[in-house]
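Residue-level structural notes
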Amino acid sequence: MGTVFSYGNRLLQREIPKLNSIKRIALIGSGTMGIGIGIDILNKTDYDVIFIDISDPSLQRAKKDISAYFSDMVEGGRLLAEQMNDFMNRVIYTKDFALLKDAEVIWEVATERLDVKKVIFANIEKHADPKKLIFIFSNTSSHTTAELAELFNDRFLRDRFLTGHGYFPFHINRLFDVMKGKYASEETFTMGVAFAEQILEKKVIALRNDHHGYVADPIFEGMAAIISWDVKTGQDLVELPQVFELLTANPFQVLDRTGHMPYIECAKHLNKALPADDRLRVLYNQKGKHYPTWVGALEKAGRIGIYSGEKEGFFKWSGIPNREKAVKVYDPGSKKYVDILEINRQEYWSVTEANSLDHRNSSIKSIEGLIKIAGSCDMGGKTFRRYVIPLMLYSLDLIQDNHATAADINASTKVGLRFKHGLCEIIDGFLDFYGFDGFIGLVKKAASENPDRTELFDLDGKTGPRINKPSLLYFMKKKGWSNLLGYGRIYGTPVSQRNFITGEMDLYYNDLRYIFPTRKDRVASIIFDNPLNGNVWNRNTIDQLDHAIGVSTRLYMKGQLGALLFTASGKGMRMLGADARQFNKGWFDANTGYQFLGEEEASYFTRCGMKLFRFIQEMPVWTIGVFGEKWGGGAEFTYFLNQRFDLVIKGVEFDSLKRKNVFRVKKNYNQPEIEYAILAGFGAIQELIRLGFGESVIDELFLQGLTAQRAHDLGLSNGIGENESDLLEKAFEVARLKQKYAVPYSVALYNLQKKHAFLEGCNDERLAKETGETFNPAKNPYISTGLLRLLNMGGQNPPLDLSVKGKLPGWENTYDQLFEK
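Now for a description of the structure that goes with this document. This structure is a prediction, so every number in the text was calculated from the model and none was measured. (Residues numbered from 1 in each chain as written. Predicted model: local features only at pLDDT ≥ 70, side-chain atom pairs only at ≥ 80, totals over all residues. Heavy atoms only, no water.)

**Focus on the sheet that holds strand 14 (residues 505-507)**
As summarised here, the arrangement of the three strands in space is 12-13-14, forming an open sheet in which the pairing is antiparallel. The open sheet has two edge strands, strand 12 (485-487) and strand 14, and neither has a second partner. Each neighbouring strand pair of the sheet contributes to a mean axis angle of 40 degrees, computed without reference to strand direction. Lying over the sheet, helix 18 (residues 406-416) contacts strand 12 and strand 13 (494-498), oriented at roughly 135 degrees with respect to strand 13. On top of the sheet, helix 19 (residues 423-449) reaches strand 12 and strand 13; it is set at about 80 degrees to strand 12, its chief contact. (Pairing = 2+ DSSP bridges. Helix = DSSP H or I, 4+ residues; strand = E, 2+ residues; numbered from the N terminus. Axes fitted to C-alpha atoms, helices over the stretch in contact; angles between N-to-C directions. Contact = heavy atoms within 4.5 Å.)

This is the structure:
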């Protein structure tokens, strides 16, 4: 949002004035990651950005790349030329560390080398202004927060220091790690997480305890390291990583895009620093070497990927910037770049069959396909067992050693490393197919096939780093826990995670954030939290919202919740409609065609969405939506809420009369479905009529859209504003005040009366009956304490018990039966 809101969090509330007063951020390092961070900050905030680097060429490249990025936005009609100038004027490129004194946030993103970081940290200590500085981030892929904090002599800077780590490409990758360590204060950690969640708009893995590389980096580094020792030819770099391409991507091609230096430095550091019981530590020490000789030779020759002079790394690349394609591959034997050959389909027939299976089932990189490969006897099966299974076991180790939760691992791999299915989803899929004994048998088969790496496959705690630590699989089997994650009841996507301490299932949402109500406020906040994807409706979102409403219903029944605040993360609080990919089954190719949803599947999507939305609408709690630009199903969802608060949106649009792009107020309510040969499938027309609008207004909304002001004038919007946090504060206060005395009987009756009036019109006799029943304590158990408040206004009254008692008018908790056939 560019600003931070507390959502009732008292600790965060105290820190908000600092976070919302940030004016400048200093980025130390202007390489690939620094450039991505700079672009992201410029896009999402009004901050000035100071790039500090000792290398003139690096600063020049940063200036060139950032200018090119915003030039592309101008050419694409998303920005006006004068706006681009404003962006460029907010950036300073300098070698002078003295400018650190002007920054409220300092972010070191220069290197993995500890000796270089030490020099940088000395400059921070010398020049940072303690009165102005809010916190320091250091981007690292292998060091712990404590290791780096100890580079500071000043205890104040240790108190303000966190490691904060993003993933390539930063401005279009949602994952972000924040690690506290033992020195940072609770206030600093709270501010760092809030900054990452609300200002950077990231999916945050917040780790209190140090762990080398957080969660995602050891897995990604391991993907490359575990294969690298087996590479003998250029074709090996093409064929061996196929198993990882079925999960996400060829790790060597990713390294070519991010640069080899972090990988090289991480390999050196992880060999020394990983704890003795880390399963993957052996990958960074093979006969005294941290990485293969041929990898070091590439680094020494400056062949570090697409940003080297010749665009050479593990592959040779060609094409326009950011759209390069691999045209040749490095052959370690000849030390030359050779042609990329076709995959040997006879040796890797299981990979071909898995892809064919996905095409037949209209799916992409399915777990079923992975299972087929894992059990096969060809090179596909052998490489899967040799390379992927150790990473699956490593994930279980992280949970067992309390370094990460199942949700941390799944989100890190799915969101950050772009796995089609998170690693814990894959483990669950294998356990569901094989059972415990079958999966353990598969692992032992892999161990017997790979006698040179038996320590990577140890389950019994008998050899290697995991000695005396039998696998978590045995604990799960003993407990009868056959899954790491819980799955939604509509589409079966992840919604919860196993808590291995309590045994309960905790919330796990990738596309939503759920803020629990406090005892005082009783307001839960549900935040649609995938702004890079437009906060769209899809299978994941539907499952997660359904689960969140189930949590809310249980809290409501116990009297712990009286209002729900819905909003969207991201600048402009935008919420689009259904995910376009939702309408396409699996593979899409504009040239060869695609397979869209069938009649039954399309009906099911609308039917489930409407049941859920209707349940929210009729649930006896106050519901308030705070959004900006809304399209299709994003707008329709808000029609089911009690109140709508709208952010005034301004941006670049094409003016069809002036025949040019202009900067103007944008529409908040948009229903474009007719233009795409579909319909408003979440009930726009019927809900707008229920809200009291006639054909003329509905036509205007569908044909032209409504601005926030126009919607407010018509009565569709209950409040508008130009600042996200101010608008949220206003809406949250309405919810907070109304929940205090939201008596379940009266709210349920209010909803029932609205429904009757809409469906049947006036009925005075029914009203008289309802009045009588309201004054009957046997039917309305809240009447005595409620009337006492009225009669003794301002006096000392007993507290209201707002838990659900008895039968409420027109409503019963049917949540558990909502999707029963």
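**Here's the deal with a nonpolar patch on the surface**
On the surface, Phe583, Tyr676, Ile678 and Leu679 cluster together to form a nonpolar patch covering roughly 430 Å² of accessible area. The topology assignment puts phenylalanine 583 in the loop between strand 17 (563-568) and strand 18 (584-589). Of the residues examined, phenylalanine 583 reaches a relative accessible area of 33% and is grouped as partly exposed. (Patch = residues over 30% accessible without salt bridge, like charges linked within 9 Å, V, L, I, M, F, W, Y side chains within 5 Å. Areas by Shrake-Rupley, 256 points an atom, 1.4 Å probe, with all protein chains shown as cover. Salt bridge = Lys/Arg side-chain N within 4 Å of Asp/Glu carboxyl O. Buried < 20%, exposed > 50% of the residue type's maximum accessible area, 1.4 Å probe, protein only.)

**Here's the deal with the side chain of aspartate 378**
Position of aspartate 378 relative to the elements: it lies in the loop between helix 16 (367-374) and helix 17 (379-400). Of the side chains with opposite charge, arginine 385 lies nearest to the buried aspartate 378, which makes no salt bridge, at 6.5 Å. Side-chain polar atoms of aspartate 378 contact the backbone nitrogen of serine 350, separated by 2.8 Å. Residues within four places of aspartate 378 in sequence aside, it is in contact with Glu347, Tyr348, Trp349, Ser350 and Val351. (Lys, Arg positive; Asp, Glu negative; His and termini not counted. Polar contact = N/O pair within 3.5 Å; in protein donor to acceptor, adjacent residues only side chain to side chain.)

**A word on the pattern of salt bridges**
Applying the stated criterion to the full structure yields 49 salt bridges. Note that aspartate 65 is salt-bridged to arginine 61, the shortest N-O span being 3.3 Å. Note that aspartate 65 and arginine 61 are positioned in helix 3 (residues 56-75) at a spacing of four residues, about one turn of the helix. Taking relative accessible area as the criterion, aspartate 65 reaches 25% and is therefore assigned partly exposed. Because the salt bridges share partners, they merge into one network encompassing Asp277, Arg279, Asp397, Asp401, Arg466 and Lys469.

**Describing the packing of aromatic side chains**
Taken as a whole and assessed by the stated rule, the structure comprises 46 aromatic pairs. With centroids separated by 5.1 Å and ring planes inclined at 65 degrees, the aromatic side chains of tryptophan 107 and phenylalanine 137 adopt a geometry described as edge-to-face. Of this pair, tryptophan 107 sits in strand 4 (residues 105-108) while phenylalanine 137 sits in strand 5 (residues 135-138), placing them 30 residues apart in sequence. Each member of the pair, tryptophan 107 as well as phenylalanine 137, carries the same accessibility label: buried. Arranged with centres 5.3 Å apart and planes meeting at 75 degrees, the rings of phenylalanine 528 and tryptophan 537 form a pair that is edge-to-face. Classification of phenylalanine 528 as buried rests on a relative accessible area of 0%. Put simply, the rings of Tyr491, Phe528, Trp537, Phe566, Tyr604, Phe605, Phe613, Phe627, Phe637, Phe640 and Phe682 pair up and form one aromatic cluster. (Phe/Tyr/Trp six-rings, centres within 6.5 Å; stacked < 30°, edge-to-face > 60°.)

**Here we look at the environment of glycine 810**
In this fold, glycine 810 is placed in the segment after helix 30 (783-791). In this structure glycine 810 comes out as exposed when scored by relative accessible area, which is 65%. Counting along the chain gives 213 residues from glycine 810 to leucine 597, while the straight-line C-alpha distance between them is 36 Å.

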